[in-house]
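Chain by chain, the residues run as shown.
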Amino acid sequence: MKELVNKLKGDRVIWSFVALLALFSFMPVFSASSNLAYIGLGKGNTLGYLLKHLGHIGIGFVIIYWIHNIPYLYFRAISKGLLPVVWVLLAYALIKGTVIAGANASRWIQIPFIKITFQPSTLAAIVLFVFVARYLSKKRETPVDFKSSLLELWLPVFLTLMFILPSNFSTAALIFSMVLMLVFIGKYPVKYIGLIIGSGVIMLAFFVLIAKAFPDSKFFSRVGTWESRIERFMSNKDDEDNYQIEKAKTAIATGGLYGLGPGKSVQKNFLPQSSSDFIFAIIVEEWGLIGGLTVLGLYLLLMFRFVIASHKATTLFGKLIVIALGFPMIFQAMINMAVAVELLPVTGQTLPLISSGGSSIWMTCFSLGVILSVTKKEEEIAQELKEKEIREEALQQLIDAQIASDSQNVGTEEFSIEDQSNPMKAVLS
């Protein structure tokens, strides 16, 4: 075990927080999946869901270990080459994607033979964030030309969002917000950012107008869902979303300060998405306010560690990529918690590393692997500097010892080149 830990490179604090969140996830997933066990299998056996979650987490940590050994600078070129692949996957998911749990959206692709579903929008977010970080680091030394940036930066961004928006508005909005945050940090001119925001709002309004003109089209079927969720959130009408919210708030209120205890949740039997979208409500019900604040604190500490890792990075691309991949993870967690307490409408965003689900866990682990690759590089640089100092100190000690030895061996006899009997005597001596 010690040898395995020693092989883990990069920021050990990030490794620790990730391991804590992953280990903690087994308890609420095991408890909350009882509802799925009765409805889905009809046997009430949650062991299968626990083993499935164990497999997802195990594969996730293999992904982290594999990715963190790849030099992060390689991802600069990889992101540009992967964007067209991502567009093809998103288009396929939009046209012939798989619907899960009766959701009115084709967001998943089923991998042949192994029957594993994969949500390409999660991969698209990572590739797009790395692509934006690459562009900002490349253009850092030259003034930004707005016209050229429209083609080189914003066209790929809006094209990616165009494929995601029809089936998943919340993910598209989160990606767009994180891109805006990233370009602001990367010192993209603020006046141009304002124009981009305005263009995004106009495009969204145009999309909604087209959806109104073709209400029966499958391509625009989610627009009605967005509107109804916002109306329900504002009016508190009785419906399925409000049913979930009410059950989530009941679970949170029942938990109190210390909670009912692990596995003793009552509302898990009534919440349809108790192991994914509303798992935070189950955590608070079973572990109380203390458990909920502990989970929140772990995410905030992880965000603080991302800031430190970004500050320590020696390259601009390294700084940007840590922010680009780390902050969306934390914001997604905040959105999930905000939905559970009805601060936001239902969005379908999972709780990273805790909610059940394969592709969401794996893509989160992919992001963490890239971040750890950045911290590993800085760790290697620091180790090289330390070893260089040790070598220089050892060399200086050898030189000092040699000088001391030579001074002891020198005799008291004086030699001069003026000695006519042997002019080379002083040099030879």
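Up top is the structure.
Below you will find a few notes about this structure.

Moving on, we get to the environment of Thr 375. Within the secondary structure, Thr 375 is located in helix H14 (residues 358-409). In this structure, the C-alpha to C-alpha distance between Thr 375 and Thr 314, residues 61 residues apart in sequence, is 10.0 Å. Those residues in contact with Thr 375 that lie beyond four places of it in its chain are Gly 10, Asp 11, Ile 14 and Ala 309. Side-chain polar atoms of Thr 375 contact the backbone nitrogen of Asp 11, separated by 3.0 Å.

This brings us to a nonpolar patch on the surface. Taken together, the side chains of Leu 73, Tyr 74, Ile 78, Leu 82 and Val 85 define a hydrophobic patch exposed on the protein surface, amounting to about 430 Å² of accessible area. Summarising the element assignment, Val 85 is placed in helix H5 (residues 74-96).

You can see His 56 is positioned in helix H4 (residues 47-68). Non-local contacts of His 56, meaning those with residues more than four positions away in its chain, are made with Gly 357, Gly 358, Ile 361 and Trp 362.

It is worth spelling out the layout of surface pockets at this point. As a volume, the second largest pocket reaches approximately 500 Å³. Taken together, 20 residues make up the lining of the second largest pocket; nearest its centre are Leu 161, Leu 165, Gly 200, Met 203 and Leu 204. Counting only elements with at least two residues in the lining of the second largest pocket, the list comes to helix H7 (146-164), helix H8 (169-185) and helix H9 (190-213). The biggest single contributor to the lining of the second largest pocket is H9, with 8 residues.

The next subject is H8. The end-to-end C-alpha distance of H8, which contains 17 residues, comes to 24 Å, matching closely the 24 Å that a straight helix rising 1.5 Å per residue would cover. Ser 170, Thr 171, Ala 172, Leu 174, Ile 175, Phe 176, Met 178, Val 179, Leu 180, Leu 182 and Val 183 are the residues of H8 that are buried. The secondary structure elements touched by the buried residues of H8 are helix H6 (120-138), H7, H9 and helix H13 (316-340).

Moving on: the nonpolar core. If you look at soluble globular proteins, the nonpolar side chains tend to sit buried side by side. By size, the foremost hydrophobic cluster in this structure holds 107 residues, and its most contacted members are Trp 154 and Phe 306. Per-element tally for this core: the top contributor is H13, with 15 residues. The contacts of Trp 154, once residues within four sequence positions are left out, are Ser 149, Val 179, Leu 180, Val 183, Tyr 188 and Ile 196.

Any two packed helices are characterised by how steeply their axes cross, that is the angle between the axes, and by the distance between the axes. H4 packs onto helix H2 (residues 12-32) with a crossing angle of 165° between their chain directions and a minimal axis gap of 9 Å. Comparing the axis directions of H2 and H4 gives the class roughly antiparallel. The two elements H2 and H4 meet at a crossing, and its hand is right-handed. Contacts between H2 and H4 involve Trp 15, Val 18, Ala 19, Ala 22, Ser 25, Phe 26, Val 29 and Phe 30 from the former and Leu 47, Leu 50, His 53, Leu 54, Ile 57, Phe 61, Ile 64, Tyr 65 and His 68 from the latter. Looking at side-chain class alone, the contact of H2 with H4 contains 14 nonpolar, 3 polar and no charged residues.

Conventions adopted
Residues numbered from 1 in each chain as written. Predicted model: local features only at pLDDT ≥ 70, side-chain atom pairs only at ≥ 80, totals over all residues. Heavy atoms only, no water. Helix = DSSP H or I, 4+ residues; strand = E, 2+ residues; numbered from the N terminus. Contact = heavy atoms within 4.5 Å. Polar contact = N/O pair within 3.5 Å; in protein donor to acceptor, adjacent residues only side chain to side chain. Patch = residues over 30% accessible without salt bridge, like charges linked within 9 Å, V, L, I, M, F, W, Y side chains within 5 Å. Areas by Shrake-Rupley, 256 points an atom, 1.4 Å probe, with all protein chains shown as cover. Salt bridge = Lys/Arg side-chain N within 4 Å of Asp/Glu carboxyl O. 1 Å grid on protein atoms, 1.4 Å probe; cavity = no way out; pocket = protein on both sides within 12 Å on 5 of 7 lines; lining within 4 Å. Points joined across faces, edges and corners; volume = space filled by probe spheres on them. Expected span 1.5 Å × (residues − 1). Buried < 20%, exposed > 50% of the residue type's maximum accessible area, 1.4 Å probe, protein only. Core = buried A, V, L, I, M, F, W, Y, C linked by side-chain atoms within 4.5 Å. Axes fitted to C-alpha atoms, helices over the stretch in contact; angles between N-to-C directions. Parallel < 35°, antiparallel > 145°, perpendicular 65-115°, else oblique. Left-handed = near helix turned anticlockwise from the far one by under 90°. Nonpolar A, V, L, I, M, F, W, Y, C, P; charged D, E, K, R; others polar.

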